[in-house]
Amino acid sequence: MLEISGLTVRFGGITALDDVGFAVAPGEMTGLIGPNGAGKTTLFNCLTRRCVPTAGALRYLGTDLLAVRPDLLARLGIARTFQNLGLFTRMSVRDNVLVGAHHRARAGFVAASLFLPPVRAEERRLRTQVDGLLERLDLVDIADHPAAGLPFGTLKRIELARALAAGPRLLLLDEPVNGLSHGEVGAFAELLAGLRVDFDLTVVVVEHHMGFVMGLCDRVVCLEFGRVIADGTPDEVQRDPAVIEAYLGTAA
């Protein structure tokens, strides 16, 4: 589904990614790990066209992503969450999730401005779909509550719901359980495992919580200083001497 080859990103004299390459098969969940500054989020930003690579190629289902406008990526079936939550705090939970479905609306500017009957029907359809997501992610009781002031774990689920509202085939999750308690991490992992099956998702997840990554992912790719130093099953990567030295560490 996703092919990354020779991906290089330089910011002045700093090389954030250096000839990175790996592939993700349909239906696979791939974990992307590594120390802070290893280039994980930069890679996500390249995939979603927030960052222009210096060299390399990105292909999604055979399509050259570097030739696609950033605003059209959602229509291809790519959605992401962010390391720092990007919710609209004054909007309701339901409206935050509806933002994710925006690209699936077909009404033009004039029709939407006049709120014509086809626009009202389309909005009802999208709201019905979003309400289904709110129920699936246990957000129905707070659907009309502003996003501001809600618990952090709830905000993470809202952002996940917004990404799912886009109807993705490839879901990119940037540190989805960062800041969650031990119990919340377990609940989020269980939720994500179910959503992966229900929505037939291919997932790439950046995360520092090794229990979450190793227990959920089919494959793990480890970056250090912008380079891939390991790529394999969770067991293989956990035993890799380079990964232990660079990231996982050894017993004192």
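From a predicted model like this one, the values you see are computed outputs, not experimental measurements. Numbering of residues starts from 1 in every chain and runs along the sequence as written. Note on the predicted model: pLDDT of at least 70 is required for a residue's local features to be given, and 80 or more for side-chain atom pairs to be given and counted; whole-chain, interface and lining totals, by contrast, use all residues. The side-chain figures draw on all heavy atoms in the structure; neither hydrogens nor water molecules are used.

## Things to note about the packing of aromatic side chains
Piece 1. Two rings belonging to Phe, Tyr or Trp (six-membered ring only in the last case) form a pair when the distance between their centres is within 6.5 Å. Interplanar angles under 30 degrees mark stacking, angles over 60 mark edge-to-face geometry, and anything in between is tilted. Within the structure shown, the criterion is met by one aromatic pair.
Piece 2. Relative to Phe 212, the ring of Phe 188 has its centre 6.5 Å away and its plane inclined at 50 degrees; by these criteria the two rings are tilted. A residue pair is termed long-range when its members are at least 10 positions apart, and Phe 188 in helix H7 (residues 182–198) and Phe 212 in helix H8 (residues 210–216) qualify at 24 residues.
Piece 3. On the accessibility criterion, Phe 188 (5% relative accessible area) is buried.
Piece 4. Think of it in three bands: residues with accessible area under 20% of the maximum for their type are buried, residues over 50% are exposed, and the middle band is partly exposed, with areas taken using a 1.4 Å probe on protein chains only. Classification of Phe 212 as buried rests on a relative accessible area of 3%. Labels follow the DSSP assignment, with helices taken as runs of H or I lasting at least four residues and strands as runs of E lasting at least two, numbered in each case from the N terminus.

## Here's the deal with helix H10 (residues 241–248)
Piece 1. The definition of a polar contact used here is a pair of N or O atoms within 3.5 Å, where within protein one atom must be able to donate a hydrogen and the other to accept one, and adjacent residues in sequence count solely through side-chain atom pairs. By the N-cap criterion, in which a side-chain oxygen at the helix start approaches the backbone nitrogen of a residue two or three places on, H10 is capped by Asp 240, the distance to Ala 242 being 2.8 Å.
Piece 2. Two residues or fewer past H10, Gly 249 is found with a positive phi of approximately 80 degrees.

## A look at the pairing of strand S2 (residues 14–24)
Piece 1. Here a strand pair is declared whenever DSSP counts at least two bridges between the two strands. Looking at chain direction, strand S1 (residues 2–11) and S2 are connected through seven bridges and run antiparallel. Directly across from Leu 7, in S2, lies its bridge partner Val 20.
Piece 2. Hairpin connection between S1 and S2: a loop of two residues separates the two successive antiparallel strands, and Gly 12 in this loop has a positive phi of roughly 65 degrees.

## Observations concerning the sheet that holds strand S9 (residues 219–224)
The strands that make up a sheet pair up through hydrogen bonds in the backbone, lying either parallel or antiparallel.
Piece 1. In spatial order, the strands read S6-S7-S8-S3-S9-S10; together these six strands make up an open sheet with mixed pairing. Edge positions in the sheet fall to strand S6 (78–80) and strand S10 (227–232), since each of these pairs with one other strand and no more. On average, each strand axis in the sheet is tilted by 15 degrees relative to the strand beside it, whichever way the strands run.
Piece 2. For S6 and strand S7 (residues 170–174), the ladder comprises three bridges, and the chain directions are parallel. Pairing of Ala 79 across the sheet is with Leu 171, part of S7. Note on definitions: angles span 0 to 180 degrees between N-to-C directions of axes, and those axes are lines fitted to C-alpha atoms, for helices only across the stretch in contact.

## Some thoughts on helix H6 (residues 152–165)
Piece 1. Multiplying one less than the number of residues by 1.5 Å gives the expected span of a helix. Here H6 spans 20 Å end to end across 14 residues, near enough to the 20 Å set by a 1.5 Å rise per residue.
Piece 2. Of all 14 residues making up H6, twelve are buried, and the element is well covered by its neighbours.
Piece 3. Of the positions making up H6, those classed as buried are Gly 153, Thr 154, Leu 155, Lys 156, Ile 158, Glu 159, Leu 160, Ala 161, Arg 162, Ala 163, Leu 164 and Ala 165.
Piece 4. Just downstream of H6, Gly 167 is the residue with a positive phi angle, here 70 degrees.

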